[in-house]
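# A closer look at the structure
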Amino acid sequence: MSVDQLSTPLSKDDAYKLVDAVMERDDLALTASAHENEATGEWFFEAVCDSPPDLEAFSALARQTLGGTVQWSVTTLDPEVNWVAKSLEGLPPVIAGGFYVYGSHHEGAIPHGYTAMKIDAAQAFGTGHHETTTGCLEAIDRVLKRGRPRRMLDVGTGTGVLAIALAKRLKTPVIASDIDPIAVTTTAENAAINGVSRFIVPIEATGLNHPTIQAGAPYDLIVANILAGPLTALAPAMGRIAEPGASIILSGILEHQSRGVIVAYARQGMVLVQKLQRKEWTTLMLQKR
């Protein structure tokens, strides 16, 4: 099956609004993103879809979300190419929170004093380069400086980078859940590459009612790097499985969405301790009362 890329220039705010609207549906796109052309400063909305894209549906959603019409540019992509991996090839290592995240293409020495993780580009999210992932790594480092969690859960694990970070630092089991079976497989592979397979429990799960998640509760550290909408919906369940005093790290949140997430979690007894902002993305550090 061929794959098309749909794009249109928009303001930064409108591009992110349209990304949120598209990703709330499961019938329009395989992926959606907003990005800046650093040379020109122009922002674009992009979506990758099965060919042909439903231009009428995209246009209707754009009118509903943005209040106006947009002009689409459509490019056919080679279906044999993993475009996620290709776009991330050659990225430099990332340093965040004392963690050093690098791909197999990296040929330099690992700097002394860092917790190193080899994470290659894959179909699952999380090479360490996105602001939500670096925010979570920095938040994890701050939590670990205050104590040593014993029961940990990573929700929306993607490539497993956050669960692997915890396992490498603490040598303690981490449950790593994702709704995507590709992410679960990728997490298991990356855990083996990084020598922490015995500590990572990768599971395919929607929400927090999976028997393995329930059996591991209550948790003293929960990390969830997904999106603001799902995070808000998970707040009651998160409150039930977090023990008093637990640390909760949430990301995948645009700054303008952060207040709604903070309020949803405060209602469940999880209060804001610190907020880390990286560009337009926010990572929240909460504590269960």
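Everything quoted here is computed from the prediction, not taken from an experiment.

## Re the overall build of the protein
A count of helical and extended segments in the protein gives nine helices and 14 strands. Expected size for 289 residues packed as a compact globule is a radius of gyration near 19 Å; at 19 Å, the protein falls within 12% of this value. With the principal axes as the frame, the protein shows a C-alpha extent of 50 × 45 × 35 Å. The 289 residues of the protein split such that 49% are buried. Expressed as a percentage of contacts within the protein between residues at least 6 apart in sequence, the contacts between residues at least 24 apart total 64%. Between the averaged position of the 24 positive side-chain charges in the protein and that of its 31 negative side-chain charges there is a distance of 15 Å.

## Observations concerning the sheet that holds strand β13 (residues 270-278)
The mixed open sheet is built from seven strands, whose spatial order is β10-β9-β8-β11-β12-β14-β13. Lying at the two open borders of the sheet, with one neighbouring strand each, are β10 (200-204) and β13. The sheet shows a mean angle of 15° between the axes of neighbouring strands, direction not considered. Summarising the sheet, strand β8 (residues 152-155) and strand β9 (residues 174-178) pair through four bridges and their orientation is parallel.

## What to know about the confidence of the model for the protein
Averaged over every residue, the pLDDT of the protein is 89; residues scoring 70 or more account for 91%. Note that pLDDT drops below 50 for residues 123-128; the model gives that stretch 25 contacts with residues more than four away or on any other chain.

Parameters and conventions
Residues numbered from 1 in each chain as written. Predicted model: local features only at pLDDT ≥ 70, side-chain atom pairs only at ≥ 80, totals over all residues. Heavy atoms only, no water. Helix = DSSP H or I, 4+ residues; strand = E, 2+ residues; numbered from the N terminus. Rg over C-alpha atoms; globule rule 2.2 N^0.38 Å. Buried < 20%, exposed > 50% of the residue type's maximum accessible area, 1.4 Å probe, protein only. Contact = heavy atoms within 4.5 Å. Lys, Arg positive; Asp, Glu negative; His and termini not counted. Charge placed at Lys NZ, Arg CZ, Asp CG, Glu CD. Pairing = 2+ DSSP bridges. Axes fitted to C-alpha atoms, helices over the stretch in contact; angles between N-to-C directions. pLDDT = per-residue confidence, 0-100.

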